[in-house]
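# Structural overview
Okay, here's what each chain looks like letter by letter:
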Amino acid sequence: MLICRPLTITILRRFVSRVVTVSEMGKRSRQRQKNQNTGRDDRDIAGWGAGYADIIKENKLFEHYYKEQALVPEGEFEEFMEAMREPLPATIRITGYKSHAKEILHCLKEKYFKDIQELEVDGQKIEAPQPLSWYPDEQAWHTNMSRKIIRKSPLLEKFHQFLVSETESGNISRQEAVSMIPPLLMKIESHHKILDMCAAPGSKTAQLIEMLHADMEVPFPEGFVIANDVDNKRCYLLVHQAKRLNSPCIMVINHDASCIPTLQIESDGRRNALFYDRILCDVPCSGDGTMRKNIDVWKKWTTSNSLHLHGLQLRIAVRGVEQLAVGGRMVYSTCSLNPVEDEAVIAALLEKSEGALELADSSSDLPGLRWMPGATSWKLMTKEGQWYSDWSEVPVSRQTQIRPTMFPPKDKDKLADMHLERCMRILPHHQNTGGFFVAVLVKKAPMPWNKRYPKLRKDASSSSASPAAPSPAGLPEGSPEEAEGAVADGKADVEADKEATTGDPATQESAAKQDGGVCGPPPSKKMRLFGYKENPFVFLTADDPVFTTIQSFYDLSPDFPKLNVLTRTHEGKKRHLYMVSKELRNVLLNNTERMKVINTGVKVWSRNSDGEEFGCAFRLAQDGIYTLQPYIHSRIIRVSVEDIKVLLTQENPFLSKLEEDAHSQAKKIGMGSIVLKYLPNPNNPDEPQCPIQLCGWRGKTSIRAFVPRNERFHYLRMLGVEVFRDKQGMGQKKKDGDEEVKEEEGGAAENEAELDSENGAESKSASCNKEPSS
């Protein structure tokens, strides 16, 4: 040790000396970089460091560009620009598929909007929220109230808390008004198979799910929504939005929309390509229609943005119509006003389709909505201010940036047949909204590059051939639609995607000439996965041991779809059980190697280790109670409005706290998980006129509801109990007439934790209910 110590000290000294040297070099390098970037930093501070308030809402290039395009009616341009500089009104949408929508609307009108109409803040009368005239059933509202005004009034603060709580519960969505338009134009029915190609953050996806579940009496609609996004992290934001709606008919996947794979489904014992009845193609865009809320667009806007995005937008749209069923509708939309991203993409798509697509006339679909017809002529401008009216004018040096598909078609007859005037452009000053563009396409026939019957590769054996490419002999006569799906992942589509960028029509011809005239799919490659590795989706079999106790404990009906139940683990005990619709199960089972699934299914049961002693190890989950309850025939307690108030405002009420009817029912049921069910009384309009179903736990002498905090507050509001957070944020107050109940935040959090935790809290939820706290 005495010999080694000097050597160790010497090594340490050298190491420290090197670290100091490297540190000094780093400092000098950073200082040199700082000196070089001084000018750039000063420019950046003007827009970012100083904050949004100091950004000047002017962009001469933007004004010049849109004046020349003549998209705004004559004499309205100044009004248009003034509207672009004004803050965007806040807009909320009440979720329409839940039977609670009318009750929420009633609550908004009677408890909040009425009071706001009489309110004054700093001597200024507050303008009450107004319904969007074109949105059905008064399910969407907008208001100009700012956060500053909300903070100054306790009444507005309560309104704000109501919005936040109901948003988290999935009963209200905060969504820009124009963003609500595309799903409305899709004309969705409950049996439709729907693809949302660029879905994040998910507000439009939520609308699609709501429309699918328009009839709440049907727990499993025949249709489904597949929501896709290329960004792995944004997919989880999408999952959060979708999960609030607790639907078994939604699946979130992670793919590049421009080459999203063709999925397979099994039908009549054979695999067929999946074609969608409805597709939402809300493509990435320059976003100059969002200047009212995204202030930095004023500083960043340039014509180059649209030129760079056009090719991607067209490739995504081409891929969309390839996967659309004949007779189906695809809605193409952007939050840009630029024709290069709008009409140019639609015109190029129509031209490529050779009559297979047509623009639908949606002029009468949304009465009350003001919009401008699509443009039939436009010009291109570079960021230096150079204008081009035709591809022939573009110099060779610019031809990689500017493409032929960006210009209007030269042939006047062809242009007239496209009916570009059926496109819809929403201008901000017409109805105090953001800017938006939307077009509805209907597919009349398979796409021309997909009409050939596919051929198997000469070197491909039957075992290695993709199921997406059956032999021509196996196809029915005159079935180009099936052939379209068969080659959708093959060379034909790859070349079609390339042609979307290059604009060279010859590439369509070359699609079938690759590899010796074979137009079958390329050899299968292992799918590359990015982002987080997801747990597997494992479907249970009908004879799985887990169903033995569940079946008897809850008296499940014979038609309960056991095969639709899945878990997220291959090994060990199953923590949670989820359910998907039969159609989504078909998609999942037949495409495990084709797609990356981020999330699907709704949680219906959670393991409770203490539950085994009461007859079943799985308790009901509130997430899936509306899906599962129609199949449950026992352990149901009918409760009244007063019973629900007791259950949602007290942690462990004694059974005797329930009214006589519910009390007698509860005494006949053993300990364990239960359903608390409220049915409306049409003869008493003062009570909620929609059914309410809650998960609960029957203890030895007590009973409790297992409902997350925000949902608990939602139901209490529906029952006439006012719930709000006090000024100090210490807890929650509930007012029912003159009665006020203060609940500590910890109690609410504990209840929520017991419901949502995946570990110890689940067992605690049972044990703490064996004996109530006094």
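Predicted, not measured: the structure shown is a model, and the values here were computed from it. (Residues numbered from 1 in each chain as written. Predicted model: local features only at pLDDT ≥ 70, side-chain atom pairs only at ≥ 80, totals over all residues. Heavy atoms only, no water.)

Right, let's get into the side chain of Ser-203. Note that Ser-203 resides in helix 9 (residues 203–212). Classification of Ser-203 by relative accessible area gives buried; the value is 13%. For Ser-203, the residues in contact, after removing those within four places along its chain, are Arg-93, Gln-175, Ser-179 and Gln-241. (Helix = DSSP H or I, 4+ residues; strand = E, 2+ residues; numbered from the N terminus. Buried < 20%, exposed > 50% of the residue type's maximum accessible area, 1.4 Å probe, protein only. Contact = heavy atoms within 4.5 Å.)

One open sheet accounts for four strands, arranged 4-5-1-6; its pairing is antiparallel. The open sheet terminates on both sides in strands that have one partner only, identified here as strand 4 (130–131) and strand 6 (172–174). Examined bridge by bridge, strand 1 (residues 90–94) and strand 5 (residues 140–143) share four bridges and lie antiparallel to one another. Note on strand 5: the bridge partner recorded for Ile-92 is Trp-141. Running at roughly 105° to strand 6, helix 7 (residues 154–169) makes contact with strand 1 and strand 6 of the sheet. (Pairing = 2+ DSSP bridges. Axes fitted to C-alpha atoms, helices over the stretch in contact; angles between N-to-C directions.)

Its place among the elements puts Arg-712 in helix 25 (residues 709–718). On the basis of relative accessible area, Arg-712 is assigned to the buried category, the value being 2%.

The five strands are arranged 20-21-22-24-25 in an open sheet whose pairing can be described as antiparallel. A single partner strand is all that each edge strand has here, and the edge strands are strand 20 (538–539) and strand 25 (618–620). Where strand 20 meets strand 21 (residues 565–567), two bridges bridge the pair, whose relative direction is antiparallel. Within the sheet, the bridge partner assigned to Val-538 lies in strand 21 and is Thr-567. Contacts from helix 20 (residues 546–554) reach strand 21, strand 22 (576–579), strand 24 (602–607) and strand 25, with the element oriented near 45° to strand 25.

Here the protein averages 79 in pLDDT, while 75% of its residues score no lower than 70. The low-confidence segment residues 1–9 (pLDDT under 50) makes zero contacts with residues lying over four places distant or belonging to another chain. Across residues 452–483 the pLDDT falls below 50, and counting only partners more than four positions away or on other chains, this stretch makes 65 contacts in the model. (pLDDT = per-residue confidence, 0-100.)

This part takes up the pairing of strand 12 (residues 276–282). Within strand 12, six of the seven residues are buried, which leaves the element mostly enclosed by the surrounding structure. For strand 7 (residues 193–196) and strand 12, the ladder comprises three bridges, and the chain directions are parallel. Paired with Ile-194 across the two strands is Arg-278, which belongs to strand 12. As defined by bridge partners, strand 12 adjoins strand 13 (residues 324–334) across six bridges and the pair is classed as parallel. Bridging from a neighbouring strand, Asp-282 pairs with Ser-333 of strand 13.

With that out of the way, let us pick up the environment of Thr-433. By the secondary structure assignment, Thr-433 is in the loop between helix 15 (428–431) and strand 19 (436–443). For Thr-433, a relative accessible area of 6% translates into the label buried. Residues Thr-433 and Thr-290, spaced 143 residues apart in sequence, show a C-alpha to C-alpha distance of 9.3 Å.

Scanning the entire structure with this criterion turns up 21 salt bridges. Lys-444 is the salt-bridge partner of Glu-358, the closest N and O atoms lying 3.7 Å from each other. Here Glu-358, found in strand 14 (residues 357–359), pairs with Lys-444, found in the loop between strand 19 and helix 16 (480–486); they are 86 residues apart in sequence, far enough to count as distant. Across the pair Glu-642 and Lys-645 runs a salt bridge whose closest N-O atoms are separated by 3.5 Å. Taken together, the positions of Glu-642 and Lys-645, both in helix 23 (residues 641–649) and three residues apart, correspond to about one turn of that helix. (Salt bridge = Lys/Arg side-chain N within 4 Å of Asp/Glu carboxyl O.)

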